[in-house]
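Coordinates in review
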Amino acid sequence: MDAIELGKRLREAREKAGVQQQAAGDKIKVSRSAISQIEGGKRSVSTLELTQLAALYGRPVASLLNEGPTQEEADDPIMALLRADVRLERNEATRRHIERFRALWETGMELEKALGRTALGGPPTYGERAPRYAGEAVQQGERVAENERRRLSIGNAPIGDLTDLIAKQGIWTASASLDDTISGLFLSHRAIGLAILVNEGHARARNRFSYAHEYAHALMDRERAATVSSRDNSSHLVETRANAFAAAFLMPAEGVADILQSLDKGQASRTEKSVFDVAGASRIDAEMRPAPGSQRITYQDAAMIAHHFGVSYQAAVYRLKSLQHVSGPHADELLGHEGYGKDFLNALSMFDDLEGKPKKGTNDRELISQIAYLAIEAYRREEISRGKLLEIAKLLGIEGPRLVDLGEAAKSG
C-alpha cells in the first residue's frame with residue numbers, strides 16, 4: 001500500500017474516532033504537523049507508530065492495511081471485538097462471557113431465520129458527521145437524544161426498563177465480566193446483528209448510563225464493527241458525543257425542569273407579571289420574588305433528581321450544570337457533598353436503587369427472555385425439533401423438560 005492510501009485511511013480512522021491531530025501526535029510523540037504530513041502521504045509511518053495510532057483509533061492494524069475487514073473478522077464477530085481492545089482477550093472471565101454470548105446471539109439469529117422473520121435491523125442510523133470539536137460532539141449527542149425520544153414517544157418521563165427498551169429496537173443486551181476500566185462495548189456484525197454488553201461489576205445507575213452510551217454508538221457509529229468504551233478513549237470526540245447523548249436521553253431538559261418545579265427549586269429569582277385591567281383598559285404590573293435562598297439547589301435535590309431518572313449523583317449534578325440550573329462553582333460544591341447525597345438516599349432506603357450491584361443471575365435476563373420466546377415460537381410452528389429445543393434450553397441455562405413443557409403448552413394453546 002502506498003503512503004497516500006495509508007494516510008487517507010489513517011485520517012478517516014482518526015476522524016471516525018473523534019481524535020484531534022494534536023492528540024494523535026502526542027500519542028506517537030510527534031507534532032501535529034507531522035500527523036498532517038502522514039495523513040497527506042508526505043511522511044512515512046513506522047510500524048510502531050502505526051500500531052500506536054491503530055490502538056488510539058480503536059482499530060486493528062490489519063483493517064488499516066487491508067481492503068475492508070480481515071477474513072477472520074468477516075467470519076467471526078468476536079475476533080473483531082477482541083482485537084479492538086487487548087484487555088478483552090487477556091481476561092479469561094471476559095473471554096468466557098463473550099464466547100457464551102456469541103453462542104446466544106447466533107442462536108437468536110438462527111431462530112429468527114427459522115421463523116421466517118426479518119431480523120430487526122436495529123434503530124435508525126442518524127447521519128451525523130464525525131465531530132470536529134467537543135462543542136459539536138455535545139450538540140450532536142443532545143440533538144440525537146431529543147430526536148430518539150421523540151421517535152420512541154417517551155416524552156420527558158424517566159425511562160423505566162432501559163434494557164427492555166433497547167432490546168425492542170433489535171439489539172441484544174446483557175452485562176458481562178469486563179475490566180474495571182471498561183464501561184461497555186457495542187458490536188455490529190452480520191453474523192449476530194447488533195449487541196451491547198456493559199460491565200456487570202458496576203453499580204446499577206452507572207450501568208444504565210453505559211447502556212445509553214452504547215446505544216448512542218448503535219445510532220451514530222454503526223459502521224464500526226466493534227466499539228469499546230473505556231477510560232483510555234474517554235477523551236475521543238465520539239465518546240464525548242455518546243456521553244452527551246446518554247445524559248440527554250436519560251435526563252431530558254424539560255424533564256429536569258419539571259422535577260425542579262415539583263421540588264419548588266431552580267426558579268427565577270424575580271418574575272414579572274402583567275395583568276389586563278378591564279375597567280381601565282390598561283395593564284397592572286406585578287413583581288414576584290421567592291423567599292431568599294429558597295431556590296438554591298442542594299445536595300438532597302441533586303440526590304432526588306438522580307433517583308428520579310435512575311442515574312448516579314455525579315451524572316445528575318453534571319446535567320444540572322450543563323442545563324445551567326447551577327453554576328460551575330455551585331456544581332463543584334454539590335459534588336463535594338456527594339457523600340451527604342448518598343447518605344440521604346440511604347436513609348430513605350433508596351440508595352441501592354442507584355448504587356447497588358445488579359442481582360446475581362440477572363446480567364443476561366433480557367437476552368435469555370428474547371431467545372426463549374423465539375425458541376418456543378419456533379417449536380410451536382414445528383420449525384425446530386424437540387432435540388433442538390433441549391439443546392437451546394441447555395445454552396439458556398433452563399431445565400430442558402421445563403422448556404419443552406412450555407413449548408407443548410404453546411402448541412396446544
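Residues numbered from 1 in each chain as written. Predicted model: local features only at pLDDT ≥ 70, side-chain atom pairs only at ≥ 80, totals over all residues. Heavy atoms only, no water.

Some words on the packing of aromatic side chains
- Scanning the model with the defined rule gives five aromatic pairs in all.
- Seen in terms of ring centroids, Phe-245 and Phe-249 are 5.0 Å apart; in terms of plane orientation they differ by 20°. Their pairing is stacked. Of the two residues, Phe-245 and Phe-249 both sit in helix 13 (residues 237–250), four residues apart, roughly one turn of that helix.
- Among the residues examined, Phe-245 registers a relative accessible area of 0% and is labelled buried.
- Assessed through its relative accessible area of 0%, Phe-249 is described here as buried.
- A network of ring pairs unites the aromatic residues Tyr-215, Phe-245 and Phe-249 as a single cluster.
- In this structure, Arg-149 packs its charged tip against the face of Phe-249, placed 5.8 Å from the ring centre.
- Between Lys-411 and the ring centre of Tyr-379, over which it is positioned, the NZ or CZ distance is 4.2 Å. (Phe/Tyr/Trp six-rings, centres within 6.5 Å; stacked < 30°, edge-to-face > 60°. Helix = DSSP H or I, 4+ residues; strand = E, 2+ residues; numbered from the N terminus. Buried < 20%, exposed > 50% of the residue type's maximum accessible area, 1.4 Å probe, protein only. Lys NZ or Arg CZ within 6 Å of the ring centre and 35° of its normal.)

Description of the pattern of salt bridges
- Under the definition given, this model contains 23 salt bridges.
- The salt bridge partner of Glu-15 is Arg-11, with a shortest N-O separation of 3.5 Å. With Glu-15 and Arg-11 both in helix 1 (residues 3–17) and four residues apart, this pair spans about one turn of that helix.
- Classification of Glu-15 as partly exposed rests on a relative accessible area of 33%.
- Owing to a relative accessible area of 30%, Arg-11 belongs among the partly exposed residues under this scheme.
- Across the pair Arg-102 and Glu-99 runs a salt bridge, and its minimum N-O distance is 2.7 Å. One end of the pair is Arg-102 and the other is Glu-99, both in helix 9 (residues 92–114) and three residues apart, which spans about a single turn.
- You can call Arg-102 buried: its relative accessible area is 16%. (Salt bridge = Lys/Arg side-chain N within 4 Å of Asp/Glu carboxyl O.)

Observations concerning the nonpolar core
- Among the nonpolar cores identified, the biggest contains 52 residues, and Tyr-215, Phe-245 and Phe-249 are the most heavily contacted of them.
- Sort the elements by how many residues they give to this core and helix 12 (residues 204–220) lands first, with nine residues.
- Setting aside residues no more than four positions away along its own chain, Tyr-215 makes contact with Pro-123, Glu-148, Arg-151, Leu-152, Ile-166, Gln-169, Ile-171, Ile-196, Phe-245 and Phe-249.
- If you look at the next biggest cluster of nonpolar residues, it comprises 37 residues, including Ile-192, Leu-367, Ile-376 and Leu-389. (Core = buried A, V, L, I, M, F, W, Y, C linked by side-chain atoms within 4.5 Å. Contact = heavy atoms within 4.5 Å.)

Concerning the side chain of Thr-227
- Here Thr-227 shows up in strand 4 (residues 226–230).
- Using a relative accessible area of 2% as the deciding quantity, one classes Thr-227 as buried.
- Beyond its immediate sequence surroundings of up to four residues, Thr-227 is in contact with Gly-184, Leu-185, Phe-186, Glu-214, His-217 and Glu-239.

Thoughts on the side chain of Ser-312
- Along the chain, Ser-312 falls in the loop between helix 15 (299–309) and helix 16 (313–322).
- The contacts of Ser-312, once residues within four sequence positions are left out, are Ala-205, Ala-306 and Glu-355.

Considering the environment of Tyr-379
- In this structure, Tyr-379 sits in helix 20 (residues 365–380).
- With 251 residues separating them along the chain, Tyr-379 and Glu-128 place their C-alpha atoms 42 Å apart.
- Not counting residues within four places of it along the chain, the set of residues in contact with Tyr-379 comprises Ile-384, Ser-385, Arg-386, Leu-389, Val-404, Gly-407, Glu-408 and Lys-411.
- Reaching out from Tyr-379, the side chain makes a polar contact with the side chain of Glu-408 at a distance of 2.6 Å. (Polar contact = N/O pair within 3.5 Å; in protein donor to acceptor, adjacent residues only side chain to side chain.)

A few points about the sheet that holds strand 4
- Taking strand neighbours across the sheet as the criterion, the four strands line up as 1-3-2-4 in an open arrangement whose pairing is mixed. On the outer flanks of this sheet lie strand 1 (171–176) and strand 4, each paired with one strand and no other. Averaged over all neighbouring strand pairs, the angle between strand axes comes to 15°, with direction disregarded.
- The sheet contact formed by strand 1 and strand 3 (residues 193–199) spans six bridges and is parallel. Residue pairing across strands places Ala-174 opposite Leu-197, the latter belonging to strand 3.
- Packing against the sheet, helix 12 makes contact with strand 1, strand 2 (182–189), strand 3 and strand 4, and its axis sits at approximately 150° to strand 3. (Pairing = 2+ DSSP bridges. Axes fitted to C-alpha atoms, helices over the stretch in contact; angles between N-to-C directions.)

Details of the packing of helix 16 against helix 17 (residues 328–336)
- Running from N to C, helix 16 and helix 17 cross one another at 170°; their axes reach a closest spacing of 10 Å. Here helix 16 is positioned roughly antiparallel relative to helix 17, judged by the angle of their axes. For the pair formed by helix 16 and helix 17, the contact residues are Tyr-313, Gln-314, Val-317, Tyr-318 and Lys-321 on the first element and Gly-328, Ala-331, Leu-334 and Leu-335 on the second.
- Broken down by class, the residue content of the contact of helix 16 with helix 17 amounts to six nonpolar, two polar and one charged. (Parallel < 35°, antiparallel > 145°, perpendicular 65-115°, else oblique. Nonpolar A, V, L, I, M, F, W, Y, C, P; charged D, E, K, R; others polar.)

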